[in-house]
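Below, each chain spelled out in residue letters.
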Amino acid sequence: MKTKPAELILSLAVLGLGIATAIGTSRLPSAGGYARIGPNVAPAAIAGGLILLGVWLLYETLSGGWRNAIADDPAERGEHRFTPGAFIWVSAGLFAQIVLIHRAGFVLAQAALFCCVARGFGSGKWPRDLAIGCLLGLLVFFFFVKFLNVNLPAGWLKPILGGAGI
């Protein structure tokens, strides 16, 4: 079986990332504080894991290819084909959320995102989707504001939401 270039490149990239992490870790101080564990312990463990994974992937690549590799053809994997319209709707929803979150507030921004994502997945019932998005946005808003004590922008709904949010 012929070695696939993508498998070789990814194997070498993971190995290189592990080596680069190890080099960066070696420059960190090793002196520990109260717990006698220095700031280099976690990065060293990650570097070691990446190096082991890179070596393992490289071995797999050079000895016949990755085992149980996922098929390259999306139809073979049981996936749907790429739909540009769905991608555009979801991207528009993310952009709307970014634009609206500080002006209209968290709840309305999430409702707009939910509507766009639902439309991207084929829903044509935008009033229902808007209502569900508002309800979910309110639930998440109050969970963060009241339970986790994290301030989220209330925006245009500040008169309705009262002192919740910022």
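Residues numbered from 1 in each chain as written. Predicted model: local features only at pLDDT ≥ 70, side-chain atom pairs only at ≥ 80, totals over all residues. Heavy atoms only, no water.

(A) View of the overall build of the protein chain. The secondary structure content of the protein chain amounts to six helices and zero strands. Taken from the N to the C terminus, the helices and strands of the protein chain come in the order α-α-α-α-α-α. Against the 2.2 N^0.38 benchmark of 15 Å for 166 residues, the protein chain shows a C-alpha radius of gyration of 24 Å, more extended than a compact globule. For the protein chain, the proportion of its 166 residues judged to be buried stands at 27%. Nonlocal contacts in the protein chain, meaning residues at least 24 apart in sequence, comprise 50% of its contacts between residues at least 6 apart. Working note: accessible area of the protein chain is about 11500 Å², and carbon and sulfur atoms make up 71% of it. Taking the average place of the 13 positive charges on the side chains of the protein chain and the average place of its 7 negative ones, the gap between the two points comes to 16 Å. (Helix = DSSP H or I, 4+ residues; strand = E, 2+ residues; numbered from the N terminus. Rg over C-alpha atoms; globule rule 2.2 N^0.38 Å. Buried < 20%, exposed > 50% of the residue type's maximum accessible area, 1.4 Å probe, protein only. Contact = heavy atoms within 4.5 Å. Areas by Shrake-Rupley, 256 points an atom, 1.4 Å probe, with all protein chains shown as cover. Lys, Arg positive; Asp, Glu negative; His and termini not counted. Charge placed at Lys NZ, Arg CZ, Asp CG, Glu CD.)

(B) Broad picture of the state of the cysteines. This model, assessed by the stated rule, comprises zero disulfides. You can see C115 has no disulfide; the closest cysteine sulfur is in C116, sitting 6.8 Å from it. With relative accessibility at 15%, the residue C115 sits in the buried group. Cysteine C134 remains unbridged, with the sulfur of C115 as its closest cysteine sulfur at 7.5 Å. By relative accessible area, C134 is classed as partly exposed at 23%. (Disulfide = S-S within 2.5 Å.)

(C) Highlighting the environment of V99. Mapped onto the elements, V99 comes out in helix α3 (residues 84–100). Classification of V99 by relative accessible area gives partly exposed; the value is 32%. Between the C-alpha atom of V99 and that of A109, which follows or precedes it by 10 residues, the distance is 8.1 Å.

Nothing here speaks to function; it is geometry throughout.
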